[in-house]
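Understanding the architecture of this molecule
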Amino acid sequence: MQGVYSEVENKGQSCISLRWVVKSKVIDNKPAIKARLCARGFEEDQNYRTDSPTCSREGIRVALSLISSKKWEINSIDVKTAFLQGKPLDRTIFVRPPKEAQTEKLWLLNKCVYGLADASRYWYLKVREELCKLGAKSSKLAQGIFYFSNGKEITGIIVLFVDDLLWAGKPSFIQIIKQFKLIFHIGSENSSTFKYIGINLEQKDDMSIEIDQTSYTESINLIPLSKQQSSNTHKTLNDSETSQLRSALGQLNWLSNMTRPEIGFQVSNISSNIKRATINDIKQTNKIIKYVKFPSLHLARHYRS
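Residues numbered from 1 in each chain as written. Predicted model: local features only at pLDDT ≥ 70, side-chain atom pairs only at ≥ 80, totals over all residues. Heavy atoms only, no water.

1. What to know about the overall build of the protein
- Along its length, the protein carries 8 helices and 16 strands.
- For the protein, the C-alpha atoms occupy an extent of roughly 65 × 55 × 40 Å along the three principal directions.
- Sorting the 305 residues of the protein into buried and exposed places 40% on the buried side.
- Across the protein, every contact between residues at least 6 apart in sequence was considered, and the portion connecting residues at least 24 apart equals 67%.
- With the model as given, the accessible surface of the protein reaches about 17300 Å², and the carbon-plus-sulfur share is 50%.
- Counting 44 positive and 30 negative side-chain charges, the protein places the centres of these two groups 3 Å from one another. (Helix = DSSP H or I, 4+ residues; strand = E, 2+ residues; numbered from the N terminus. Buried < 20%, exposed > 50% of the residue type's maximum accessible area, 1.4 Å probe, protein only. Contact = heavy atoms within 4.5 Å. Areas by Shrake-Rupley, 256 points an atom, 1.4 Å probe, with all protein chains shown as cover. Lys, Arg positive; Asp, Glu negative; His and termini not counted. Charge placed at Lys NZ, Arg CZ, Asp CG, Glu CD.)

As structure tokens, then:
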């Protein structure tokens, strides 16, 4: 449907292989399976640009503050198979079809597919091109933010985080969004209350926006410690314990950067000593995890006009 490849004769061309990535999902409250055919991008010589701007954490906060101050309704759009809707490839890539294709031929890629190192870059360049055609300007400080203006004031804003878009604007801005949806194959759409890049957003009656990461917080597990381990607080961690500590700190760091800044210093302090970490560092990390998971201590951030 997207014209991603053309079938060509196999003349011994250098090619890369494909693999299926299968994931379980919940669609309309029912369990489902999602399968995606991905290229093994590491098999290709990577001598090209792979950077792809997305909206920063600071950019998201600024956008939410602006939206709330303007008393605009927040909305989200999910683009289906976004990478397959990116700009055409400017290099030659042959891939070996999966056995299900039942062919001895090769596929010549016309578009970047999932798994290629620069797939997200081709998508970003395409969506930026189309948004600019519609009159958008990209922020110089946050290239994942696009804004529209009438020369006097901002009339609409779009926040781009790979294939997830957050948008808001004046009533007239809806026409721009309608044009955008005619260009790309759109999936789910939400308004006022929804989850965006793992963050729960809820717009109140006064148009203030409350954000939290309750479901994400619940997924952070305590690092298990036996009684013997707990009693030896100055013991240096082994490789397995260090790996568990790094994982927990990574989750807490994302949480602190997005919605729980009050744990930022503690997380940073423990992280800076990771090479010399001890059992005591695990115990301190577990204290932080208990703090953020404890319901009565749950904090949400608010954006008000």
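More follows now that the structure is in view.
2. Observations regarding the pairing of strand β10 (residues 154-161)
- Across the 8 residues of β10, 6 count as buried, placing the element largely inside the fold.
- Summarising the sheet, strand β9 (residues 145-149) and β10 pair through 5 bridges and their orientation is antiparallel. Paired with phenylalanine 146 across the strands is isoleucine 158, a residue of β10.
- Connecting the antiparallel pair β10 and strand β11 (residues 164-169) is a turn made up of 2 residues, with valine 162 showing a positive phi of about 55°. (Pairing = 2+ DSSP bridges.)

3. Quick look at the sheet that holds strand β7 (residues 106-109)
- Overall, mixed pairing links the 4 strands, which are arranged β1-β7-β6-β2 in an open sheet. One side of each edge strand has no neighbouring strand; the edge strands of this open sheet are β1 (5-8) and β2 (15-16).
- Relative to strand β6 (residues 94-95), β2 runs parallel, the two sharing 2 bridges. Opposite isoleucine 16, over in β6, you have valine 95 as the bridge partner.

4. Brief notes about the nonpolar core
- Core analysis: the biggest nonpolar cluster contains 39 residues, and Leu109, Leu116, Trp123, Leu131, Phe148, Ile158 and Phe180 have the highest contact counts within it.
- When residues of this core are traced back to their parent elements, those giving at least two are β4 (30-39), β5 (75-79), β7, α2 (119-133), β9, β10, β11 and α3 (174-183).
- Broken down by element, this core gets its largest block of residues, 6 residues, from α2.
- Counting residues in each nonpolar core, the second largest holds 21 residues, with Ile60, Ile197, Ile199 and Ile211 among its members. (Core = buried A, V, L, I, M, F, W, Y, C linked by side-chain atoms within 4.5 Å.)

5. Concerning the pattern of salt bridges
- Scanning all chains against the criterion turns up 15 salt bridges.
- Here glutamate 129 makes a salt bridge to lysine 87, at a shortest N to O gap of 2.8 Å. Residue glutamate 129 is found in helix α2, and its partner lysine 87 is found in the loop between β5 and β6; the two are separated by 42 residues along the sequence.
- Close ionic contact of glutamate 130 with lysine 133 constitutes a salt bridge, the shortest N to O distance being 3.8 Å. Of the two residues, glutamate 130 and lysine 133 both sit in helix α2, 3 residues apart, roughly one turn of that helix. (Salt bridge = Lys/Arg side-chain N within 4 Å of Asp/Glu carboxyl O.)

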